[in-house]
Amino acid sequence: QVQLVESGGKLVQAGDSLRLSCAASGRTFSTYAMGWFRQAPGKDREFVAVIWWRTANTYYAEAVKGRFTISRDYAKNTVYLQMNSLKPEDTADYYCASAVRSGIGVTTRDGYDYWGQGTQVTVSS
């Protein structure tokens, strides 16, 4: 089992920056990739970014490319999401997820085995 705890969400203004953190504990040695998803009110949960744990390669959704940066601290088993130039449309609950299986699309919810409880980000205009 892997436990994920997100933090860092809050109310900010458009144009501000914010960094989310996700601390993993438990059987983290089997981590293949870690991702961030978000879910706005009344909408489906959508992929934001992913980092492959061993290589630190990354991939982003088009909506956040160039504004968000995913990174990881291997020693601390922590993944971060640096969000710059925030827009009101970035308002959502942000979820961290961990994948232990390879070969399943890491841009989809099905690609992940463990999820955090979410942290709320609100961007006011």
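Please refer to the structure higher up on the page.
The structure displayed is predicted, hence computed values, not measured ones. (Residues numbered from 1 in each chain as written. Predicted model: local features only at pLDDT ≥ 70, side-chain atom pairs only at ≥ 80, totals over all residues. Heavy atoms only, no water.)

Participant: Looking at this structure, how should I read the overall build of the protein chain?
Facilitator: Helix and strand counts for the protein chain stand at zero helices and 11 strands. Taken from the N to the C terminus, the helices and strands of the protein chain come in the order β-β-β-β-β-β-β-β-β-β-β. Taken against the 2.2 N^0.38 rule, which gives 14 Å for 125 residues, the C-alpha radius of gyration of the protein chain at 13 Å falls within 12% of a compact globule. Dimensions of the protein chain, computed from C-alpha atoms along their principal axes, come out at roughly 40 × 25 × 25 Å. Across the 125 residues in the protein chain, those meeting the buried criterion constitute 42%. Of the roughly 6400 Å² that the protein chain leaves accessible, carbon and sulfur atoms contribute 46%. Both charge centroids of the protein chain, one from 14 positive and one from 11 negative side chains, sit 6 Å from each other. (Helix = DSSP H or I, 4+ residues; strand = E, 2+ residues; numbered from the N terminus. Rg over C-alpha atoms; globule rule 2.2 N^0.38 Å. Buried < 20%, exposed > 50% of the residue type's maximum accessible area, 1.4 Å probe, protein only. Areas by Shrake-Rupley, 256 points an atom, 1.4 Å probe, with all protein chains shown as cover. Lys, Arg positive; Asp, Glu negative; His and termini not counted. Charge placed at Lys NZ, Arg CZ, Asp CG, Glu CD.)

Participant: What is the right way to read the packing of aromatic side chains from this model?
Facilitator: Working definition: an aromatic ring pair is given by the centre-to-centre distance plus the angle between the planes. Applying the stated criterion across every chain, the model contains six aromatic pairs. With 6.1 Å between their ring centres and 25° between their planes, F47 and Y59 make a pair best called stacked. You can see F47 sitting in strand β5 (residues 46–52) and its partner Y59 sitting in strand β6 (residues 58–60), a full 12 residues away along the chain. Judged by relative accessible area, Y59 falls into the partly exposed class, the value being 43%. Taken together, the ring pairs in this structure connect F37, F47, Y59, Y112 and W115 into an aromatic cluster. One Lys or Arg, R109, reaches over the ring of W115 and ends 5.8 Å from the middle of that ring. (Phe/Tyr/Trp six-rings, centres within 6.5 Å; stacked < 30°, edge-to-face > 60°. Lys NZ or Arg CZ within 6 Å of the ring centre and 35° of its normal.)

Participant: I keep staring at the nonpolar core and nothing clicks. Help me out?
Facilitator: The tendency in soluble globular proteins is for nonpolar side chains to be buried side by side. Formed by 36 residues in total, the largest nonpolar core has its most connected members in M34, W36, V79, L81, M83 and Y94. Taken together, the elements giving at least two residues each to this core come down to β1 (2–7), β3 (18–26), β4 (33–39), β5, β7 (68–73), β8 (78–83), β9 (92–99) and β11 (119–124). (Core = buried A, V, L, I, M, F, W, Y, C linked by side-chain atoms within 4.5 Å.)

Participant: Explanation requested: the state of the cysteines in the structure shown.
Facilitator: Put plainly, two cysteines are in a disulfide when a covalent bond ties their sulfur atoms together. Across all of its chains, the model carries one disulfide by this definition. C22 shares a disulfide with C96; S-S distance 2.1 Å. Judged by the torsion about the S-S bond (-75°), the C22/C96 disulfide is left-handed. On the criterion of sequence distance, the pair formed by C22 in strand β3 and C96 in strand β9 is long-range, its members being 74 residues apart. (Disulfide = S-S within 2.5 Å.)

Participant: I'm lost on the sheet that holds β7 in this one. Help?
Facilitator: The pairing of strands in a sheet happens through backbone hydrogen bonds and is either parallel or antiparallel. Pairing in this open sheet of four strands is antiparallel, and the strands run β1-β3-β8-β7 from one edge to the other. Edge strands, defined here as strands with exactly one partner in the open sheet, are β1 and β7. Going from strand to strand, the sheet's axes swing by 15° on average, the running direction of each strand aside. The pairing of β1 with β3 spans six bridges and is antiparallel. Pairing of E6 across the sheet is with C22, part of β3. (Pairing = 2+ DSSP bridges. Axes fitted to C-alpha atoms, helices over the stretch in contact; angles between N-to-C directions.)

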